[in-house]
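# Per-entry structural report
Listed below are the residues making up each chain.
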Amino acid sequence: MLLTMWSMCLLAAFAVILGYTVRQKLSLVQRLDERRKLVLIRQAGIQKAARQIILATANANYQSLRDSWCNNSAEFKGLEVGDGVCQIGQELIDNISGGPLMWYGAVDEERKINLNKADREVLERLFSYALGPGSGSDAAQLAAAIVDWRDADSQECVPTEGAEDDYYRHLPAPYEAGDRDLEVLDELRLIKGVTECAYIKIIDYVTIYGSGQVNVNTAPLFVLYALGLPENLADKLASLRAGPDNSDGTADDVTFETVGAAGERMQAEYNLSDLQREQIDALLGEQCAVSSQNFMIRACASLKKNKDTSATMRHPKDSKHTAVTKCVMDKKARVKYWREQ
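Conventions adopted
Residues numbered from 1 in each chain as written. Predicted model: local features only at pLDDT ≥ 70, side-chain atom pairs only at ≥ 80, totals over all residues. Heavy atoms only, no water. 1 Å grid on protein atoms, 1.4 Å probe; cavity = no way out; pocket = protein on both sides within 12 Å on 5 of 7 lines; lining within 4 Å. Points joined across faces, edges and corners; volume = space filled by probe spheres on them. Helix = DSSP H or I, 4+ residues; strand = E, 2+ residues; numbered from the N terminus. Nonpolar A, V, L, I, M, F, W, Y, C, P; charged D, E, K, R; others polar. Core = buried A, V, L, I, M, F, W, Y, C linked by side-chain atoms within 4.5 Å. Buried < 20%, exposed > 50% of the residue type's maximum accessible area, 1.4 Å probe, protein only. Contact = heavy atoms within 4.5 Å. Phe/Tyr/Trp six-rings, centres within 6.5 Å; stacked < 30°, edge-to-face > 60°. Lys NZ or Arg CZ within 6 Å of the ring centre and 35° of its normal.

### Remarks on empty space enclosed by the protein
A full pass over the atoms with the stated rule returns three cavities of 30 Å³ or more. Space inside the largest cavity adds up to approximately 70 Å³. If you go around the largest cavity, the residues you meet are Leu65, Leu92, Ile93, Asp94, Asn95, Leu101, Trp103, Arg111, Thr218, Pro220, Arg241 and Asp248. For the lining of the largest cavity, the secondary-structure elements that each account for two or more residues are strand S2 (84–93) and strand S3 (100–104). Across the lining of the largest cavity, the residue classes break down as six nonpolar, two polar and four charged.

Shown next, in the form of structure tokens:
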């Protein structure tokens, strides 16, 4: 009897171990299956957005926030794909209210400041606005460090503010300055002064894609300020562009078919002085365009067991069943950047 009891205990132990092992393997298979589904759901959402971009830009000489690829909740919010839901969009800052805005659709890269093309003064103004009040010295140092990172020489563009090889070589984990254009935006985290907090605050306003000209139809206020447009004129431009409902990306938005048309419409609407009109024409004419060539698509996929993706779009890591893909493609849907989270 004693031998029988020991045998039963031993068999029970084997059964527990076997059951635990099988459960782990089943769990792994389930996670792999969920991951595969999330990948396919995101790809479907990105393909839909790419299609909208191709259709909207094929025969258009200008792009605006009224186009079907952006702020289009009917097309990009709550897309049901197989066993899940996909949403295309991200949280932006509203030009008019200054508060957070859920933007359903793609975002053109030409609405941003190109880190590889912009002058140090433009970068400094942008960072000063994006980082907030009292950030003047930090903005100046950050702008100088980016210029030093992308130029080919080893001389600081502004003594004591920039950073060249000598600074990076003395870090705990040393490396050298890039001495070339930034190849991905994540490279910013290697540059002196770009803390995690600073990165989060500036990332929605900068790009490395395009010619460097900003689309006057889509640029946010901070970008208009950075170009050197006086705040009162930038505010007027943003308000005029938003239309009577004072909201971007709606049917009553005002779209400029040429850069010169922006000055003309503003003068007619606000009775600008000759000096103000000259400022607008000079600044916008030199640095702006009305078309966009590159678009960022952010796809958030969730399985139907976690169907509410409005919150997980902001914080995808909060859900085990949600994943995000961010990509940049041109108007012909040629991919330039792809990252899965």
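### Some details on the nonpolar core
Grouped together as the largest cluster of nonpolar side chains are 61 residues, with contacts concentrated most on Ile113, Leu115, Leu123, Phe127, Leu188 and Ile191. Within the residue set of this core, elements represented by two or more residues are helix H3 (120–131), helix H4 (136–150), helix H6 (196–202), helix H7 (221–226), helix H8 (231–242), helix H9 (259–270) and helix H10 (274–287). By residue number, the principal contributor to this core is H4, which donates seven residues. In contact with Ile113, not counting residues within four places along its chain, are Ala118, Val122, Leu123, Leu126, Tyr205, Val206, Thr207, Val214, Val223, Ala226 and Leu227.

### A look at the packing of aromatic side chains
Following the criterion strictly, the structure yields nine aromatic pairs and no others. Summarising the aromatic geometry, the rings of Trp69 and Phe295 are spaced 4.9 Å apart at their centres and angled 70° between planes, so their arrangement reads as edge-to-face. Here Trp69, found in the loop between helix H1 (2–57) and helix H2 (73–76), pairs with Phe295, found in strand S9 (residues 294–303); they are 226 residues apart in sequence, far enough to count as distant. The same class applies to Trp69 as to Phe295, namely buried. Ring geometry for Phe222 against Tyr225: centres 6.4 Å apart, planes inclined by 40°, an arrangement best described as tilted. With Phe222 and Tyr225 both in helix H7, this residue pair falls three residues apart, about one helical turn. Look at Phe222 and you get partly exposed, because its relative accessible area is 25%. Of the aromatic side chains, those joined through ring pairs into one cluster are Tyr129, Tyr205, Phe222 and Tyr225. The ring centre of Tyr167 lies 5.0 Å from the NZ or CZ of Lys192, which sits over that ring. Looking at Lys236, its charged tip hangs above the ring of Tyr270, at a distance of 5.7 Å from the centre.

So, to be careful, I would describe these as geometric facts and stop short of saying anything about function.
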